Amino acid sequence: MHVTLEQPTGARLITATDQEIAIPATLRYTCADPLAVHIDFPAHATLDGEATTWTFARVLLGEGLRAPAGLGTVRVRPCGTSHTYVEFHSPVGVAMLRFTTADLYRFLARTYTVIAPGEETVGPELDQGLTALFGGRV
């Protein structure tokens, strides 16, 4: 059975001048992509007027709720006990958003009811593709 979870939430965009702008977002998880979580932003909340989705590892979200995590385009770190920063790095700059930690924990807990951590499978097609990519036999 295919399951997709969506949780509307709000975030605060932190500007270069430390102003905060409310930004709507939707946290999304699907068993079709069990290792990832997605944060969807509507068109009116983006600079280019296009709806945008950032996808990153579910484990990164879990780790970032407890301690700074991530070295690439997405970084997650706690800000006190009630907020969490999620930074999105792109060639045009960095967007730093502050989420309510309880919302992120609630979402993450819901994803674990669909597929428990460590029980994710990526499917035979991806497994074969990775094997071929790394020089193994398919």
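Residues numbered from 1 in each chain as written. Predicted model: local features only at pLDDT ≥ 70, side-chain atom pairs only at ≥ 80, totals over all residues. Heavy atoms only, no water.

Trainee: Honestly, the pairing of strand β2 (residues 20-30) in this entry has me stumped. Any pointers?
Mentor: Side chains on a regular strand alternate between the two faces of the sheet. The pairing of strand β1 (residues 4-14) with β2 spans 11 bridges and is classified as antiparallel. Bridge pairing in β2 links Leu5 to Tyr29. Hairpin geometry of β1 and β2 is characterised by an intervening segment of five residues between the two adjacent antiparallel strands and by a positive phi of about 65 degrees at Asp18. As paired elements, β2 and strand β3 (residues 36-41) share three bridges and run antiparallel to each other. Within β3, the residue paired with Thr26 across the bridge is Asp40. Following β2, the chain reverses through five residues before pairing antiparallel with β3. (Pairing = 2+ DSSP bridges. Helix = DSSP H or I, 4+ residues; strand = E, 2+ residues; numbered from the N terminus.)

Trainee: I'm lost on the nonpolar core in this one. Help?
Mentor: Nonpolar side chains in soluble globular proteins tend to be buried together. By size, the foremost hydrophobic cluster in this structure holds 24 residues, and its most contacted members are Ile39, Phe56, Leu61, Phe88 and Phe99. Mapped by element, the contributors of at least two residues to this core are β1, β2, β3, α1 (58-64), β5 (74-79), β6 (83-90), β7 (93-100) and α2 (101-114). Sort the elements by how many residues they give to this core and β2 lands first, with four residues. Filtering out sequence-adjacent residues up to four positions away, Ile39 remains in contact with Ala25, Thr26, Leu27, Thr52, Thr53, Trp54, Phe56, Phe88 and Phe99. (Core = buried A, V, L, I, M, F, W, Y, C linked by side-chain atoms within 4.5 Å. Buried < 20%, exposed > 50% of the residue type's maximum accessible area, 1.4 Å probe, protein only. Contact = heavy atoms within 4.5 Å.)

Trainee: Can you help me understand the sheet that holds β7 in this one?
Mentor: Each strand in a sheet pairs with another by means of backbone hydrogen bonds, the pair being arranged parallel or else antiparallel. With antiparallel pairing, seven strands are arranged side by side in an open sheet as β4-β3-β2-β1-β7-β6-β5. Looking along the sheet, the strands with just one partner apiece sit at the ends: β4 (52-57) and β5. Between one strand axis and the next, the sheet turns by 30 degrees as a mean value, whatever way the strands run. One ladder, built from eight bridges, connects β6 with β7; its direction is antiparallel. Directly across from Glu87, in β7, lies its bridge partner Met96. (Axes fitted to C-alpha atoms, helices over the stretch in contact; angles between N-to-C directions.)

Trainee: I'm lost on the packing of aromatic side chains in this one. Help?
Mentor: Applying the stated rule across the entire model yields two aromatic pairs. Note on Phe41 and Phe88: the rings are 5.9 Å apart at their centroids and 85 degrees apart in plane angle, and the pair reads as edge-to-face. Taken as a pair, Phe41 in strand β3 and Phe88 in strand β6 lie far apart in primary sequence, 47 residues in all. Taking the relative accessible area as the measure of exposure, Phe88 reaches 3% and is therefore buried. Pairing Trp54 with Phe88 gives two aromatic rings, centres 4.7 Å apart and planes at 35 degrees, and the pair type is tilted. You can see Trp54 sitting in strand β4 and its partner Phe88 sitting in strand β6, a full 34 residues away along the chain. (Phe/Tyr/Trp six-rings, centres within 6.5 Å; stacked < 30°, edge-to-face > 60°.)

By themselves, these observations are geometric and do not establish any function.
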